[in-house]
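# Commentary on secondary and tertiary structure
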Amino acid sequence: MSDRNERLSVLKTYKLFVGGTFPRSESGRVYEVTDAKDRWLANAPQASRKDARDAVVAARKAFGGWSGATAYNRGQILYRVAEMLEGRREQFVREVADAEGLSKSKAGAQVDAAVDRWVWYAGWSDKVAQIAGSANPVAGPYFNLSSPEPTGVVAVLAPQDSSFLGLVSVMAPAIVTGNTTVVVAGEDRPLPALSLGEVLATSDLPGGVVNVLSGRTAEIAAPLASHQDVNAIDLTGAAPELAAELEAAAAENLKRVIRPQAVDWTADPGTRRMLSFLETKTVWHPMGV
C-alpha cells in the first residue's frame, strides 16, 4: 500500500515573457539547463527569430505609454519590483546558487545587491534629468533648454557570467528613463531572468516594457541587431566575434551601441548606462516682452 504522504514533485515550466504574457517559443523548442555541476535543472524555451520580432513589436507598442509616464511614476513601479523581489528572495537565492555554483550565503549576497540596485535606479528616475539636462546661455531674447528623452526600443544581451545581479544592472538603467526593452537572458543561466519576468508581470510594469527571451544568444541577437525598429543595443552578453558582427548589423539604422567589456557587477554602477540610452531635445522659447 502506498504512503499517503507521498506526492509527485510539481516541476516548473519556464516560459518566455513577451508583451506581459508568458508564451512558449513559437517554434516549440526547448533546451536543457543544468547547474554548475552539470545536473539538470529545467527545460527552458528556446526562442526563435520570430519570437525576437514579436518582442520588438510588443516593446514598440508599450513605448508611448511608458515614455509618457511621469518619472515619479516610473520610479514607483521600479521600487515595487524591488519590494516583490524581496518577498521572493529565497526562490532567487536558490536559482542563482544553482546557476552560478555559489553557496547559499554568496548567492544571497548577489540577490540582495540586485534588489538594492533596483531601489537605486528607482531613485534616479526623477533625478536623471537634472544631470542630463541644462539651461543653455544664448545670445538673444530666448530661453534655451535641453532635456533628456528616451531613445526607444533597446535590445539588451544580458551578461553570461552574472545571471541576476548583472541582468538587473543592464535592464534597470534602460527602462528607468522611459525606454522599452527586449532582453536576451544568459544562454546557460536563463532561469533567474525568466523568473524575474514573473515578478515584473505582477509589479504594475506595463506589458511590453520588458520582454525576456531565452535561448541561443547568437540566434536571437542577430535579428535584433538588424531590426529597423530597434533603436539601441547593449552587447554586454556577446562574445567578441559575435559582438563585431552585431555591431556591423546595428550600423544599418544607426543604433546606439554599448560594446561588451569586463564589468565588476558588484561595484557602484554610476550613471553611464542610463545616459547611454537617452537623446537630448533642445527647445528655444522667446522671452516675454
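For the structure, see preceding data.
Below: a short report on this structure. Residue positions are given per chain, counting from 1 as you read along its sequence in written order. For this predicted model, a pLDDT threshold of at least 70 governs which residues receive local features, and a threshold of 80 or more governs which side-chain atom pairs are given and counted, while totals over whole chains, interfaces and linings are taken from all residues. Derived side-chain values reflect all non-hydrogen atoms in the structure, with water molecules and hydrogen atoms excluded from consideration.

### As for the sheet that holds strand β3 (residues 134-135)
Note the threshold: Note on pairing: DSSP must find at least two bridges between two strands before they are called paired. Note on conventions: DSSP H or I runs of at least 4 residues are helices, E runs of at least 2 residues are strands, and numbering of each starts at the N terminus.
What the three strands build is an open sheet, ordered β3-β4-β10; its pairing is antiparallel. Every other strand in the sheet has two partners, leaving β3 and β10 (278-286) as the edge strands with one partner each. As judged from the nine bridges shared by strand β4 (residues 142-150) and β10, these two strands associate in the antiparallel manner. Each bridged residue has a counterpart across the sheet, and for Pro 150 the counterpart in β10 is Leu 278.

### What about the sheet that holds strand β6 (residues 180-184)?
To be explicit about the condition: Here, axes are lines fitted to C-alpha atoms. For helices the fit covers the stretch in contact, and angles between N-to-C directions go from 0 to 180 degrees.
A sheet is described by the order of its strands in space; here five strands give the open sequence β7-β6-β5-β8-β9, paired in parallel fashion. Every other strand in the sheet has two partners, leaving β7 (210-213) and β9 (256-258) as the edge strands with one partner each. Averaged over all neighbouring strand pairs, the angle between strand axes comes to 15°, with direction disregarded. Summarising the sheet, strand β8 (residues 232-234) and β9 pair through three bridges and their orientation is parallel.

### Remarks on the packing of aromatic side chains
By convention here, two paired aromatic rings are described through the distance between centres and the angle between planes. This is how it is decided: Pairing of aromatic rings covers Phe, Tyr and Trp, the last counted by its six-membered ring, and requires centre-to-centre distances within 6.5 Å; plane angles under 30 degrees mean stacked, over 60 mean edge-to-face, and any other angle means tilted. With a 1.4 Å probe rolled over the protein chains alone, any residue whose accessible area is under 20% of its type maximum counts as buried; one over 50% counts as exposed, and the rest are partly exposed. Charge-over-ring placement is defined geometrically: NZ (Lys) or CZ (Arg) within 6 Å of the ring centre, and within 35 degrees of the ring normal.
Scanning the entire structure with this criterion turns up five aromatic pairs. Relative to Trp 284, the ring of Tyr 142 has its centre 5.8 Å away and its plane inclined at 80°; by these criteria the two rings are edge-to-face. Taken together, the positions of Tyr 142 in strand β4 and Trp 284 in strand β10 put the pair 142 residues apart, joining distant regions of the chain. Since its relative accessible area comes to 53%, Trp 284 is described here as exposed. These aromatic residues form a ring-pair network of at least three members: Trp 120, Tyr 121 and Trp 124. Cation over ring: Arg 60 sits above Phe 63, and NZ or CZ is 5.6 Å from the ring centre.

### Brief notes about the pattern of salt bridges
Here is the rule we go by: Salt bridges are defined as contacts in which a side-chain nitrogen from Lys or Arg sits within 4 Å of a carboxyl oxygen from Asp or Glu.
Across all of its chains, the model carries 16 salt bridges by this definition. With a shortest N-O distance of 3.0 Å, Lys 12 and Glu 198 are connected by a salt bridge. Of this pair, Lys 12 sits in the segment before β1 (30-34) while Glu 198 sits in helix α7 (residues 191-201), placing them 186 residues apart in sequence. The exposure class assigned to Lys 12 is partly exposed, which follows from its relative accessible area of 33%. What you see here is one network of salt bridges that share partners, running through Arg 89, Glu 90, Lys 104 and Asp 112.

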